[in-house]
Amino acid sequence: MKKILQNSIKGIVSPLVAVLLAFLVGALLMKAAGNNPIAAYASLFKGAFGSNHRIAETVVRAIPLIILALGISIAFKAQLWNIGGDGQFTVGAIFAVFVALTFPLSNAMLLPLTLIAAFIGGACWGGIAGFFKAKFNANEVITTLMLNYIALYLLEWLVKGPMMDPKGHGFPQTELINEGLRLPILLEGTRLHMGLFVALVLVMGVYMFWRTTLGFKTEVVGQSREVARYSGIKVNKIIIITMFISAGLAGLAGWTEVFGVHYRLLENVSGGFGNLAIVVALLANLNPWGIVVSGFFFAALVTGGNTMQRMEGVPFALVDVILGLTIIFVISRVVYRRWRDKQC
Amino acid sequence: MLEQILTTGFLVSLLAGAVRMSVPILLPAIGEIFTQRAGILNLGLEGIMLMGALGGFVGAFFTGSLWIGVALAVVVGMLFSVIMAVLSVTIRADQVIAGVALTILGTGLSTFLFRVIFGIQKLPPAIEPFEAISIPVLSNIPILGPVLFQHNILVYLTFILVVLSAIVLKRTTFGLKVRAVGEHPQAADSKGINVYLIRYICVVIGGAFAGLGGAFLSIGYMNTFLDQMSAGRGFIAVAVVIFARWNPYRAVGGAFVFGLASALQLRLQALGVPIPHQFLLALPYVLTILVLISVSKKADFPSAFTLPYNRGER
């Protein structure tokens with residue numbers, strides 16, 4: 001018990017230091033730019049937690065973020081650098097909305113179907129990259145990123161073309177999905193929706209996944225492709241399956257966002273959650289429960305970042321700066337470790 | 001429609017456009033050849049390019065001199081890439097994650113600084129970009145002249161840099177050291193080559209080229225800075241490097257293909273071809289994937305590629 005406690009404290013301290021350092025550099029940047037960093041961070045905090053409504057907004061952002069980060073964590077653990085969360089999210093959302101708007105079924109039948117469609121949509125999009133990695137050794141960082149751009153244009157074409165709402169006065173958006181399909185609101189007067197439970201179930205699911213044979217094989221492939229091969233694991237198959245699951249989760253994140261918040265497809269529906277989710281997953285050291293914590297944290301950063309821009313005139317891009325710095329400090333902690341080991 | 005496409009005028013303008021559009025891919029690719037030859041994968045090119053684009057624009061805007069803009073872009077690219085060098089060489093961090101971090105940081109920082117420096121304005125601040133220079137005699141050659149010899153100075157400079165880089169990599173001691181470090185760092189070390197230093201230099205050379213590539217976007221092609229104006233070119237450049245098998249001359253061909261895709265996209269759109277323009281816009285990205293799957297399997301990566309070197313370990 002004591003050991004578990006010690007380990008979890010160790011697990012919390014180093015990401016916390018990374019985040020604090022990132023915020024410190026962010027403060028210096030604001031200072032140099034002539035802003036008051038304390039006032040800016042105060043407005044950021046207030047924007048994220050200032051009222052029930054603000055807290056609900058933070059949670060609303062945390063939902064897709066946590067699901068995306070869960071997906072990314074699965075790929076990263078297998079040393080597959082899936083950075084295509086945005087594209088997979090988008091294609092998942094497209095598939096789900098297409099199903100919701102096309103098939104004349106009862107809502108009870110349709111809703112699970114849209115969920116499956118979202119998973120398959122995302123999974124296929126990422127599966128392409130996984131397949132190319134396994135078959136042709138094509139660098140998945142580049143292919144998943146390229147697929148992000150392609151998905152973005154695909155969505156733009158759909159909402160301005162074949163899927164555009166005919167009664168939408170030319171707005172680039174699809175029709176609304178019918179009311180029975182929308183995720184119920186949990187808290188009256190806010191946008192907080194049922195997707196929260198979907199996210200928590202998925203956290204549990206990914207936690208269990210690492211305890212299955214497939215999860216174990218995935219981890220072995222991540223530690224060493226050679227070892228995996230020698231122990232009889234079909235590495236290429238695992239690569240494709242891992243990307244499939246990882247991207248499928250991203251598709252589900254798209255589902256929660258569309259069925260819980262927007263109720264339709266819009267341009268740029270993924271809103272850059274992909275990048276954010278990479279940081280969320282890394283900061284949590286790819287641990288599913290850690291992802292919940294860091295997911296809420298970064299959701300607060302984004303929600304508050306908007307307020308900070310409005311109130312203090314600090315550009316929202318500062319949030320991206322903090323994200324980039326956080327990763328840099330997270331991967332730099334080995335230096336500290338090496339230095340500490342030398343002291344002993 | 002087809003008659004409009006099959007005219008000399010259209011083809012000449014298409015090819016000239018392709019040459020121009022290949023530059024912001026070719027420049028970062030050439031730099032990345034140095035970096036990868038030394039065994040480091042720098043996936044942060046995108047972020048470095050954006051910082052370079054901003055540096056180039058700021059320099060040109062405030063001094064009124066495009067060349068100061070270029071110089072500032074190169075310096076910014078070098079400084080920003082030092083972060084990658086520290087992470088990959090000294091800290092021995094995972095290079096993929098470091099590259100992604102650099103891209104996120106560069107994207108955010110360039111947008112942040114642009115907003116801070118210029119505020120929110122109705123009209124975006126602009127400069128007069130580099131003008132096209134027609135090279136006497138050569139530019140009068142039919143077809144070839146307008147395609148190759150009526151560009152701005154940065155385009156010519158790029159092709160000079162390609163030749164210089166090829167010579168440096170192939171015919172100088174430094175080039176030999178770079179390759180040794182990328183193929184067999186232990187052996188290089190035992191011959192007295194400073195592995196860390198060579199890797200630092202190569203990552204920074206990569207940064208200089210990527211910074212220049214960014215400057216081409218903001219002051220050689222457009223006349224302003226736009227958020228995320230590199231639009232994935234940093235990553236496309238990495239694909240070009242693999243396609244080029246780490247040879248600068250072959251990179252020219254690779255970058256030209258992407259330049260052609262971009263130029264074609266613009267011109268077909270202008271002609272009103274009945275293909276949704278989003279499909280045309282996605283063309284370079286689709287092409288990148290196709291190129292990667294066709295060359296990656298056979299690619300002969302430097303042996304020490306992405307492997308951090310640690311003097312203590314044998």
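Structure first, text after, so check above.
Residues numbered from 1 in each chain as written. Chains lettered and ligands numbered in written order. Predicted model: local features only at pLDDT ≥ 70, side-chain atom pairs only at ≥ 80, totals over all residues. Heavy atoms only, no water.

Draft legend 1. Up close: the overall build of chain B. Looking only at helices and strands, one finds 13 helices and two strands in chain B. Taken over the C-alpha trace, chain B has a radius of gyration of 20 Å; the compact-globule value for 314 residues is 20 Å, and the two agree within 12%. A principal-axis box enclosing the C-alpha atoms of chain B has dimensions of 65 × 45 × 40 Å. Scored against the burial criterion, the 314 residues of chain B give a buried share of 57%. Looking at chain B alone, contacts between residues at least 24 apart form 77% of all its contacts between residues at least 6 apart. For chain B, the accessible surface area stands at approximately 12,600 Å², while carbon and sulfur atoms represent 67% of it. (Helix = DSSP H or I, 4+ residues; strand = E, 2+ residues; numbered from the N terminus. Rg over C-alpha atoms; globule rule 2.2 N^0.38 Å. Buried < 20%, exposed > 50% of the residue type's maximum accessible area, 1.4 Å probe, protein only. Contact = heavy atoms within 4.5 Å. Areas by Shrake-Rupley, 256 points an atom, 1.4 Å probe, with all protein chains shown as cover.)

Draft legend 2. Spotlight on the interface of chain B and chain A. Between chain B and chain A, the residue contacts involve 44 residues of the former and 43 residues of the latter. At the boundary of chain B with chain A, the tally comes to four residue pairs in polar contact (both at pLDDT 80 or more). Looking at the side of chain B that touches chain A, the elements with two or more residues in it are α4 (66-90), α5 (95-118), α11 (233-243) and α13 (277-295) of chain B. When residues of the side of chain B that touches chain A are assigned to their parent elements, the largest contribution, 13 residues, is made by α5 of chain B. For the side of chain B that touches chain A, the residue count by class is 31 nonpolar, eight polar and five charged. (Polar contact = N/O pair within 3.5 Å; in protein donor to acceptor, adjacent residues only side chain to side chain. Nonpolar A, V, L, I, M, F, W, Y, C, P; charged D, E, K, R; others polar.)

Draft legend 3. Local environment of unusual backbone geometry. Residues and elements named next belong to chain B. Positive phi is not limited to glycine here, since Q228 has a value of about 55°. The residue Q228 is located in the loop between α10 (195-221) and α11 in this model. In this structure, R245 is a non-glycine residue whose phi angle is positive, near 50°.

Draft legend 4. Highlighting α11 of chain B. All names here are of chain B. When you tally the buried positions in α11, you get ten out of eleven residues, the bulk of the element. By the burial criterion, the buried members of α11 are R233, G234, F235, I236, A237, V238, A239, V240, V241 and I242. At the exit of α11 stands R245, carrying a positive phi of roughly 50°.

Draft legend 5. Here's a closer look at the side chain of S296 of chain B. Inspection of the secondary structure assignment puts S296 of chain B in the segment after α13. Relative accessible area serves as the criterion here: at 1%, S296 of chain B is assigned to the buried category. Setting aside chain neighbours within four positions, we find S296 of chain B in contact with F136, N137 and A138 of chain A together with I242 and F301 of chain B.

Draft legend 6. Region of interest: the pattern of salt bridges. Applying the stated criterion to the full structure yields six salt bridges over all chains. Between D227 of chain B and R115 of chain B there is a salt bridge, and its shortest N-O distance comes to 2.7 Å. Placement of D227 of chain B in the loop between α10 and α11 and of R115 of chain B in helix α5 is noted, with a sequence separation of 112 residues between them. Given a relative accessible area of 34%, D227 of chain B falls into the partly exposed group. Residue class for R115 of chain B comes out partly exposed when judged on its relative accessible area of 29%. Via salt bridges that share partners, E156, K160 and E267 of chain A belong to a single interconnected network. (Salt bridge = Lys/Arg side-chain N within 4 Å of Asp/Glu carboxyl O.)

Draft legend 7. Expanded view of the packing of aromatic side chains. Evaluated as defined, the whole model comprises 30 aromatic pairs over all chains. Residues F76 of chain A and W81 of chain A carry aromatic rings whose centres are separated by 4.8 Å and whose planes lie at 75° to one another, so their mutual orientation is edge-to-face. For the residue pair F76 of chain A and W81 of chain A, the accessibility class agrees, reading buried in each case. A centroid spacing of 5.4 Å and a plane angle of 20° characterise the contact between W255 of chain A and F259 of chain A, whose relative ring orientation is stacked. Within this pair, W255 of chain A and its partner F259 of chain A are both found in helix α10 (residues 235-262), separated by four residues, close to a single helical turn. Under the relative-accessibility criterion, W255 of chain A is labelled buried at 4%. Residue F259 of chain A is classed as buried on the basis of its relative accessible area of 0%. The residue whose ring lies beneath R211 of chain A is Y207 of chain A, and the NZ or CZ to ring-centre distance is 4.1 Å. A cation sits over an aromatic face here: R250 of chain B above F243 of chain B, 5.5 Å from the ring centre. (Phe/Tyr/Trp six-rings, centres within 6.5 Å; stacked < 30°, edge-to-face > 60°. Lys NZ or Arg CZ within 6 Å of the ring centre and 35° of its normal.)

Draft legend 8. Expanded view of the nonpolar core. Ranked by internal contacts, the top residues of the largest apolar core, which has 211 residues, are F259, L265 and F298 of chain A together with I219 of chain B. Here this core gets 14 residues from one element, more than from any other, and that element is helix α3 (residues 52-77) of chain A. Aside from chain neighbours lying at most four places away, what touches I219 of chain B is G56, F57, A60, L66, G69, V70, I127, P129 and F130 of chain B. A18, A263, L268 and V273 of chain B belong to the second-largest nonpolar core, a separate cluster that totals seven residues. (Core = buried A, V, L, I, M, F, W, Y, C linked by side-chain atoms within 4.5 Å.)

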